[in-house]
Amino acid sequence: MKALTRTDLSLPGQVSVYHGKVRDVYNIQDDLMVMVATDRISAFDVVLPKGIPFKGQVLNQIAAKFLDATADIVPNWKLATPDPMVTVGLKAEGFRVEMIIRGYLTGSAWREYKNGVRELCGVRLPEGMRENERFPEPIITPTTKADEGHDENISKEEIISQGIVSKEDYEQMERYTRLLFQRGSEMALEKGLILVDTKYEFGKRDGKVILIDEIHTPDSSRYFYSEGYEEKFQAGEPQRQLSKEFVRQWLIEHNFMNQPGQVMPEITEEYAESVSKRYIELYEHIVGEKFVPLAEEGNIEERISKNVTEWLTNRKA
């Protein structure tokens, strides 16, 4: 099984390229962004040494579906998907904040709560909550976007007082975040899932706040299965979940959390293929459709280059 771990495209009007942890982003004439979802996979702020076949296609197609399904409530950057691993969209000036919204007390929020924390990013948390319990209403816990290292929790008040985002723009992002989460939650329930928490990124273009990047994918969101949720919660048992948490757990079992002195375990072909199957399973549950993998013949990068070049050329014509 082939995996695409890096691209070095030369596209019409290309100004620059940025190789992120898992995506390669091409700037076209400072107006458009060509975002290639590679098969790289990251965990604990490090890129694993082997790619996961079809992961890029899975994430790109999920994100495209949810961007289209929410375009009526929030304007977004997406223009087209000229290749199953590529989204082309409008270039925007990204805000230095990620909007994280949580419907349930789990993950890092639960770890802090368990240790006695009762305020998260300026939001007061109710007393007496248990792991995986639903909040009375979803809470927004933003983080600053770090160029290196970990993102840091920050409150709405700090964001505005430090001038990171204006009050008007922040409150618009807050409104959009709640609307997106509500729509995402409704769509998840139709598929027998609970959208537990997720993150959104916004930017500004022509004076308007728009949604950028991917949304509601298993890399940016956590899902529980709705069937059995209540029984497991009452019994204090772990929830069945859909996210890339299983990769993190595998690394932890192999004594790797990107701490000093720790060595990345070997990623065998068999393990990479097992992760690929899990991503395809995630796709089929979240989207509710059979995943159609691209034919593996030929060079993936050449196919992407051809498809994107054709789209850019036709747009100019």
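Residues numbered from 1 in each chain as written. Predicted model: local features only at pLDDT ≥ 70, side-chain atom pairs only at ≥ 80, totals over all residues. Heavy atoms only, no water.

Asker: Got a minute to help me understand the overall build of the chain in this structure?
Answerer: Helix and strand counts for the chain stand at eight helices and 17 strands. Principal axes of the C-alpha set define a box for the chain whose edges measure 60 × 50 × 45 Å. When the 317 residues of the chain are sorted by exposure, 49% land in the buried category. Sequence-distant contacts, at least 24 apart, represent 64% of the contacts inside the chain between residues at least 6 apart. (Helix = DSSP H or I, 4+ residues; strand = E, 2+ residues; numbered from the N terminus. Buried < 20%, exposed > 50% of the residue type's maximum accessible area, 1.4 Å probe, protein only. Contact = heavy atoms within 4.5 Å.)

Asker: Would you mind showing me how to read the layout of surface pockets here?
Answerer: A water-sized probe, rolled over the atoms, reveals where empty space remains. Estimated volume of the second largest pocket: approximately 360 Å³. Lining of the second largest pocket is provided by 17 residues; of these, Tyr104, Arg134, Pro138, Phe181 and Ser185 occupy positions nearest its centre. Counting residues per element, the ones that place at least two in the lining of the second largest pocket are β8 (93-105), β11 (133-140), α4 (167-190) and β14 (193-205). Considering each element in turn, the lining of the second largest pocket owes the most residues, six residues, to α4. Residues that form the lining of the second largest pocket fall into these classes: 10 nonpolar, three polar and four charged. (1 Å grid on protein atoms, 1.4 Å probe; cavity = no way out; pocket = protein on both sides within 12 Å on 5 of 7 lines; lining within 4 Å. Points joined across faces, edges and corners; volume = space filled by probe spheres on them. Nonpolar A, V, L, I, M, F, W, Y, C, P; charged D, E, K, R; others polar.)

Asker: Looking at this structure, I do not really get helix α1 (residues 55-70). What am I missing?
Answerer: Within an α-helix, residues lying three or four positions from one another point in the same direction, as the helix has 3.6 residues per turn. Relative to the 22 Å expected for 16 residues at 1.5 Å per residue, α1 spans 23 Å between its end C-alpha atoms, a close match to the ideal helical length. Among the 16 residues of α1, 12 are classified as buried, and the element is accordingly described as predominantly covered. Buried residues of α1: Lys55, Gly56, Gln57, Val58, Leu59, Asn60, Ile62, Ala63, Ala64, Phe66, Leu67 and Thr70, and no others. (Expected span 1.5 Å × (residues − 1).)

Asker: Honestly, the packing of aromatic side chains in this entry has me stumped. Any pointers?
Answerer: The relation between two aromatic rings is expressed through the spacing of the ring centres and the mutual angle of the planes. Applying the stated criterion to the full structure yields 10 aromatic pairs. Relative to Phe291, the ring of Phe54 lies with its centre 6.1 Å away and its plane at 70 degrees, an arrangement referred to as edge-to-face. Of the two residues, Phe54 is situated in the loop between β5 (46-47) and α1 and Phe291 in the loop between α7 (269-287) and α8 (300-316); the sequence distance between them amounts to 237 residues. For the residue pair Phe54 and Phe291, the accessibility class agrees, reading buried in each case. Consider the rings of Trp250 and Tyr271, whose centres lie 3.9 Å apart with planes at 15 degrees: the pair is stacked. Linking Trp250 in helix α6 (residues 245-253) with Tyr271 in helix α7, this pair joins segments that are 21 residues apart in sequence. Taken individually, Trp250 and Tyr271 each receive the classification buried, so the pair is uniform in this respect. (Phe/Tyr/Trp six-rings, centres within 6.5 Å; stacked < 30°, edge-to-face > 60°.)

Asker: I'm lost on the pattern of salt bridges in this one. Help?
Answerer: As a working rule, side chains carrying opposite charge can pair if their charged atoms are close by. One pass over the structure, following the stated rule, counts 26 salt bridges. The closest approach of N and O atoms between Glu171 and Lys156, which form a salt bridge, is 3.6 Å. Taken as a pair, Glu171 in helix α4 and Lys156 in helix α3 (residues 156-161) lie far apart in primary sequence, 15 residues in all. A relative accessible area of 22% means that Glu171 is categorised as partly exposed. Residues participating in the shared-partner salt-bridge network are Lys156, Lys167, Glu171 and Glu174. (Salt bridge = Lys/Arg side-chain N within 4 Å of Asp/Glu carboxyl O.)

Asker: Is there a simple way to explain α6 in this structure?
Answerer: For α6, the complete set of buried residues consists of Glu245, Phe246, Val247, Trp250 and Leu251. Two residues or fewer past α6, Asn255 is found with a positive phi of approximately 60 degrees.

Asker: How should I be thinking about the packing of α6 against α7 in this particular structure?
Answerer: Between two packed helices, what matters for the description is the angle formed by their axes and the separation of those axes. For the pair α6 and α7, interaxial distance at closest approach is 11 Å and the crossing angle is 155 degrees. On the basis of their axis angle, the class for α6 and α7 is roughly antiparallel. Here Phe246, Val247 and Trp250 of α6 come into contact with α7, specifically with Tyr271, Val275, Arg278 and Tyr279. (Axes fitted to C-alpha atoms, helices over the stretch in contact; angles between N-to-C directions. Parallel < 35°, antiparallel > 145°, perpendicular 65-115°, else oblique.)

Asker: Looking at this model, I keep getting lost on the environment of Val74. Mind explaining?
Answerer: Locating Val74 in the fold gives a position in the loop between α1 and β6 (78-83). Counting along the chain gives 101 residues from Val74 to Arg175, while the straight-line C-alpha distance between them is 9.7 Å. Once you skip the residues sitting within four places of it in the chain, Val74 turns out to touch Tyr176, Leu180, Phe202 and Leu211.

Asker: Looking at this structure, I do not really get the sheet that holds strand β7 (residues 86-90). What am I missing?
Answerer: A sheet is described by the order of its strands in space; here five strands give the open sequence β1-β2-β3-β7-β6, paired in antiparallel fashion. At either margin of the open sheet sits one strand with a lone partner, and together these are β1 (14-19) and β6. The average undirected angle you get between the axes of adjacent strands in this sheet is 20 degrees. With five bridges joining them, strand β3 (residues 32-37) and β7 adopt antiparallel strand pairing. By the bridge assignment, Val34 is partnered in β7 with Val88. Contacting β3, β6 and β7, α1 crosses the sheet at an angle of about 150 degrees to β6. Against the sheet, α8 contacts β2 (23-28), β3, β6 and β7, and its axis sits at roughly 135 degrees relative to β6. (Pairing = 2+ DSSP bridges.)

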